[in-house]
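# Residue-level structure breakdown
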Amino acid sequence: MNIDLEIYSPVHQIKNKLFNEQGLSIFIKRDDLIHPLISGNKWRKLKYILKKASAENKTHLVTFGGAYSNHLLATAAAAAKFGLKSTGIVRGEDVTNDTLFLCNLHGMKLIFVDRESYRHKEELFNKYFGGNTDAFFIDEGGASAEGAHGCAELVDELTETYNHIFCACGTGTTAAGIINGIQNHKLSTEFNAIPVFKNGDFMKGEINQYLINPATYNLYTDYHFGGYAKTNAELLSFIKTFVADTGILIEPVYTGKMLYAIYDMAAKGHFKSGSKILAIHTGGLIGLLGMKDKFQL
Ligand SMILES: *Cc1c(COP(=O)(O)O)cnc(C)c1O
C-alpha cells in the first residue's frame, strides 16, 4: 500500500492596520488546505504512523477520541483513502454529531465507552482487539514520535525564514515536530506554543518527550479562554472578524486561540518592529460545525 498524500500548504500573508503600524509581517501556513478531512497537522501526524502500520501488515486502524475529535475523523478518512478498516473508540455516551456522522460515512466503526474506561486505552484495545492480528493501536490525537516526525516536515517546506512560528497545542506532538524541524535546519526561529487547555504548563512535558534534542521555546498559557473547547464572546467576535476580513476559515478550539494570541501580543507591542511571524493553520474546520450555536450570527 502506498501511503502518500500530496502536500498543498501555501503560505499567505495577513495584512492589516495593526501589523502595519507595528512593522510586523504576519503569515499563515495553510495546512488546512492539505485535505478537507485529513486536515492540517492530522495528516502530518498520521503519515509515519500509517507507514509503520503498513510495514507491519496491519490493515485495521484503532484509535481514540472525544465526540468532536478531528483526529478520529482524519483517521476514518485516511483509512478509507488507503483501503484500511477503522474503529474509533469514543469517550462518553452514545451521541451523534457532524464529526461522528462523517466518521461513520467513511466506514469507521464507533465504540462508545464511559469516561473512566476511556482512560485505560491499552486495556480497551486489548479488550476489543487483543486477538486481532490486523489491528493497529493509534493513540488519542495521534500522539507519538512518528507523529512528531511527520510534523517536522512542515519546516522542510518553508522557503523563507521567520523570527517566530506559532502553533496551537493539544497533545504537543505538532509543536515538538516543528521544534525538531527548526533544529534540523539550524534556524534561529523562535517557536511559540499556545496550549488550548487551562493550566497549560504541563504541555512542556508533553512536548519535551518528543524532542530529539533539548530545545528552548516559549509557552503562553493564558490563551485558553476557560479551557478545552471553551470560548467567550471576545474570542468568537475575533474569529468572526478574522474570517470576514481574510477569507480564511478558522475555528475556536485551536487556530482561533493561537491567532488571537498573536493579535493580542502584537497589540501589546510584544514583537520587535520588522519581525516576520508564521502562524500554522492546523485545520480542524469540521469542528466548527459543532459550535454553530455559540456564534450569535
Ligand atoms: C488536533 C489539533 C491540534 C493539536 O495538535 P497536537 O499535535 O495534538 O498538539 C491543533 N489544531 C487543530 C485544528 C487540531 O485538530
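Anyway, here's the lowdown on the structure attached to this text. (Residues numbered from 1 in each chain as written. Predicted model: local features only at pLDDT ≥ 70, side-chain atom pairs only at ≥ 80, totals over all residues. Heavy atoms only, no water.)

Now for the pattern of salt bridges. Going through the model one piece at a time under the given rule, you end up with 13 salt bridges. Among the ionic pairs, Glu-146 bridges to Lys-52, the shortest N-O distance being 3.8 Å. Separated by 94 residues along the polypeptide, Glu-146 in helix H7 (residues 145-156) and Lys-52 in helix H2 (residues 41-55) bring together distant segments of the chain. The exposure class of Glu-146 is partly exposed, given its relative accessible area of 26%. Exposure remark for Lys-52: the relative accessible area of 36% places this residue in the partly exposed category. Lys-268 is the salt-bridge partner of Asp-264, the closest N and O atoms lying 2.8 Å from each other. (Salt bridge = Lys/Arg side-chain N within 4 Å of Asp/Glu carboxyl O. Helix = DSSP H or I, 4+ residues; strand = E, 2+ residues; numbered from the N terminus. Buried < 20%, exposed > 50% of the residue type's maximum accessible area, 1.4 Å probe, protein only.)

On to the packing of H2 against H7. The contact between H2 and H7 brings their axes to 7 Å, and the two run at 130 degrees. Viewed along their axes, H2 and H7 adopt a mutual orientation that is oblique. Taken as a pair, H2 and H7 cross one another with a handedness that is right-handed. Residues Asn-41, Arg-44, Lys-45, Lys-47, Tyr-48, Ile-49 and Lys-52 of H2 pack against Glu-146, Gly-147, His-149, Gly-150, Cys-151, Glu-153 and Leu-154 of H7. Looking at the contact of H2 with H7 residue by residue, the class counts come to four nonpolar, four polar and six charged. (Axes fitted to C-alpha atoms, helices over the stretch in contact; angles between N-to-C directions. Parallel < 35°, antiparallel > 145°, perpendicular 65-115°, else oblique. Left-handed = near helix turned anticlockwise from the far one by under 90°. Contact = heavy atoms within 4.5 Å. Nonpolar A, V, L, I, M, F, W, Y, C, P; charged D, E, K, R; others polar.)

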